[in-house]
Structure formats: C-alpha cells, structure tokens
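The residues making up each chain are set out below.
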Amino acid sequence: MQYQWYPGHMTKAKRQMQEDIKLVDLVIELVDARIPLSSHNPDIDVLGQNKSRLVLLNKADLADEAKNEAWCEYYKKQGIYAVRLDARNRAGMKQVQDVIQEACKEKLEKNRRRGILNRPVRAMVAGIPNVGKSTFINSFAGKACAKTGNKPGVTKGKQWIRLNKNVELLDTPGILWPKFEDQRIGLHLAYIGSIKDELLDRDEVAVSLIGELTQTYPGLLAKRYNLTEEAEPVKVLEKLAESRGCLKKGGELDCGKAAVLLSDDFRSGKLGRITIELPPV
C-alpha cells in the first residue's frame, strides 16, 4: 500500500505560508518526539531559510528520554534551537519563552539599534497534521485561542495570536508534502495518526509497527499483552487478537480490531515511552 495524503487545501496552505513567512522573525516547528525525522516537513527547511529556527519535540513525555536528549544534541549541531515538550502541560512554556528570546536575540538587538522598541517577536508555528500545534498555542497562551482535535486537518485558516508583549504567534494549518521519498515515512506518520485512519489498511500498519517494536524494544509487546513474541509480526497480531478476545461472530480472530487496539495503545503511551527513530549519524 502507498502511504500518501495531500488534499487540495494543503497546496493552498503552503502558498499562504510562503506569503506569510516575510512577516515573521522565527519559525517554530513542532515534530513528534517519537518520529522526529518522519514528522518533519522538508518544505519548512525551504520556507524557513534565513529565519531563526526552533524545533519543539512535542509528546516528549511519550518518547524515550535518552533519545529525546540525543535529538536535542542533533538539532544543536545543526544550529537549530530545540526544546522537549508536552504541549498539554503549561510547566514547560517558560523554557519555550526563554528560547524564543534567545533565538531572536540578534533581531531584537538590531531593532533596538534602529530605535524600534517593544516590538514583539513574530513567530510562525508550523508542522504536519496532528503534532499538537493548536494544543501548544493554547497552553502557551493560557487560553483557548486555536481549535484542537486528535484528528488531522482541524486548523483551516491562518490566525495571529498575541501571547504577551514579547511574542505574537501565527498559527498555520498542518501540511504534509506531495510525495514521500521513502514509504517508511508514510508508515511512521500512520503510527501517530498524521494520515487519516480511514485511508489506511490498519492491519498492515499494525504489522509494520509490531516489526519495528520487536526489533527496537524486544519483549515489550510480550509483556504488555501477555503473549509470546513470534518471529513473524502477522503471528504476533493474531496472538494479540487472541489474548485480548478480539473475535468476530463464529469465533474467528478479528485482527482488524486488534490492530486498532495496538495503535491506540501506542499513540496514548500505554506501551511505554517509545522512540522509533534515531538521529542521523
């Protein structure tokens, strides 16, 4: 199965972002800390040229802490600021505020020399669908400014949000890019819910996830679901269906139901803190 999802509104949103980038000092990109590579839109590198950059590793509370640290080091070497974040928790917002000021220090100093005082940093918040942009904005602002949802495609148009006297945010719709060079990217996005589930073969996605988890975190699925991990991921899915009583009428195993159960457990963190991708060497 080919994993791709690029509805027409994303083309329009990308064009709008190309216009709006001229208005901002900083690009804040949210990625999913469990898959920072696959949840990074390469178009943002082009859009954000000559702008200060900040990557927020959102859902870091669901990701492997040692690997969160490795990713922060990776971004630092790229000259990009990075902060681990749980967008639902306001406790981390002070650090984000401090890093925004640090990332735009040169711009603010230039403004002061030109006599432009008290002008807030203007930041574009970008990212693919379902990485938590709207949740982040609402937590940062301390009020509901942006629409949120656990399905991709909730934010439609652009909106400026004045957080305080120091920062203004421009929220943007979540956009993917027209073609994934590697189909594993599509699979990883399917794991976290950034491609609509209705477009997916959920069994196929679950089998792929099982394969990656048994390699990266051996024994995790066996412990969680009280089963013996087989070499063949399809067999593991069948064992999971059997273990959790996922049955169709007549007693046949319902692997589709088991696939949804596994996906929900992964997305909600019930399987533990998991990072699928490591930083490039």
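Residues numbered from 1 in each chain as written. Predicted model: local features only at pLDDT ≥ 70, side-chain atom pairs only at ≥ 80, totals over all residues. Heavy atoms only, no water.

A look at the packing of helix 4 (residues 93-103) against helix 6 (residues 133-141)
Basically, it comes down to this: For helices, the fitted axis covers only the stretch in contact; all axes are lines through C-alpha atoms, and the angles between them, taken along N-to-C directions, range from 0 to 180 degrees. Per the convention used, a helix needs a DSSP run of H or I reaching at least four residues, while a strand needs a run of E reaching at least two, with both numbered from the N terminus. Here is the rule for angles: anything less than 35 degrees is roughly parallel, anything more than 145 is roughly antiparallel, 65 through 115 is roughly perpendicular, and the remaining ranges are oblique. Any pair of residues with heavy atoms lying within 4.5 Å of one another is described as a contacting pair. Any residue outside Ala, Val, Leu, Ile, Met, Phe, Trp, Tyr, Cys, Pro, Asp, Glu, Lys and Arg is labelled polar, Gly included; the first ten of those are nonpolar and the last four are charged.
Remark: helix 4 packs on helix 6, axes separated minimally by 10 Å, with the N-to-C direction vectors making an angle of 95°. Between helix 4 and helix 6, the interaxial angle falls into the category roughly perpendicular. Residues Met93, Val96, Gln97 and Ile100 of helix 4 form the contact with helix 6, whose participating residues are Phe136, Ser139 and Phe140. Of the residues belonging to the contact of helix 4 with helix 6, the class tally is 5 nonpolar, 2 polar and no charged.

Some words on empty space enclosed by the protein
Rules: Each cavity reported here is a set of points on a 1 Å grid over the protein atoms alone in which a 1.4 Å probe fits but cannot get out, each pocket an open set with protein on both sides within 12 Å along at least five of seven lines, and each lining residue one with an atom within 4 Å of a point. Grid points are joined across faces, edges and corners, and a volume is the space filled by probe spheres set on the points.
According to the stated counting rule, one finds 1 cavity of 30 Å³ or more in the structure shown. By volume, the largest cavity amounts to about 90 Å³. What lines the largest cavity is Ala190, Tyr191, Asp197, Leu200, Arg202, Val205, Ala206, Leu209, Ala259, Ser263, Phe266 and Arg267. If you list the elements that add at least two residues to the lining of the largest cavity, you get helix 7 (183-192), helix 8 (202-216) and helix 11 (255-268). Taken together, the residues of the lining of the largest cavity sort by class into 8 nonpolar, 1 polar and 3 charged.

Quick word on the nonpolar core
This is how it is decided: Working definition of a nonpolar core: buried Ala, Val, Leu, Ile, Met, Phe, Trp, Tyr and Cys residues. They are joined through side-chain atoms within 4.5 Å. Using a 1.4 Å probe on the protein chains alone, a residue whose accessible area is under 20% of its type maximum counts as buried, one over 50% counts as exposed, and one in between counts as partly exposed.
Phe136 and Leu169 are the most contacted members of the largest nonpolar core, which totals 62 residues. The biggest single contributor to this core is helix 7, with 6 residues. Once residues within four sequence positions are removed from consideration, Phe136 is found in contact with Leu30, Leu56, Leu85, Ala87, Met93, Val96, Val125 and Leu169. Among the nonpolar cores identified, the runner-up in size contains 11 residues, and Ala13, Val24, Ile44 and Leu47 belong to it.

Let's talk about the layout of surface pockets
Of the pockets and cavities examined, the second largest pocket occupies roughly 350 Å³. Lining the second largest pocket are 16 residues; nearest its centre among them are Ser52, Ala103, Cys104, Glu106 and Lys107. Among the secondary structure elements, those contributing two or more residues to the lining of the second largest pocket are strand 2 (52-58), helix 4 and helix 5 (105-113). In terms of residues, the lining of the second largest pocket owes the most to one element, helix 5, which gives 5 residues. Grouping the amino acids of the lining of the second largest pocket by side-chain chemistry returns 4 nonpolar, 3 polar and 9 charged.

Points about helix 10 (residues 233-243)
Rules: In this description, one arc is meant: the one made by directions from the helix axis to the C-beta atoms.
Within helix 10, burial applies to Pro233, Val236, Leu237, Leu240 and Ala241. Seen along its axis, helix 10 keeps its buried residues to an arc of 140°; they face one direction. Residues of helix 10 that are buried sit in contact with helix 8, helix 9 (220-225) and helix 11. Looking one or two residues past helix 10, Gly245 carries a phi angle of roughly 65°, positive in sign.

Quick notes on helix 8
What counts, and what does not: To estimate the expected span of a helix, subtract one from its residue number and multiply by 1.5 Å.
Over its 15 residues, helix 8 runs 21 Å from end to end, which matches the ideal 21 Å to within 8%, given 1.5 Å per residue. Against the buried residues of helix 8 lie helix 7, helix 9, helix 10 and helix 11.

So, the sheet that holds strand 2
Threshold: When DSSP locates at least two bridges between a pair of strands, those strands are taken to pair.
Overall, mixed pairing links the 6 strands, which are arranged 3-2-1-4-6-5 in an open sheet. Two strands in the sheet have a free side with no partner beyond their single neighbour: strand 3 (81-85) and strand 5 (159-162). On average, each strand axis in the sheet is tilted by 25° relative to the strand beside it, whichever way the strands run. With 4 bridges joining them, strand 5 and strand 6 (residues 167-171) adopt antiparallel strand pairing. Counted as the bridge partner of Trp160 is Leu170 from strand 6.

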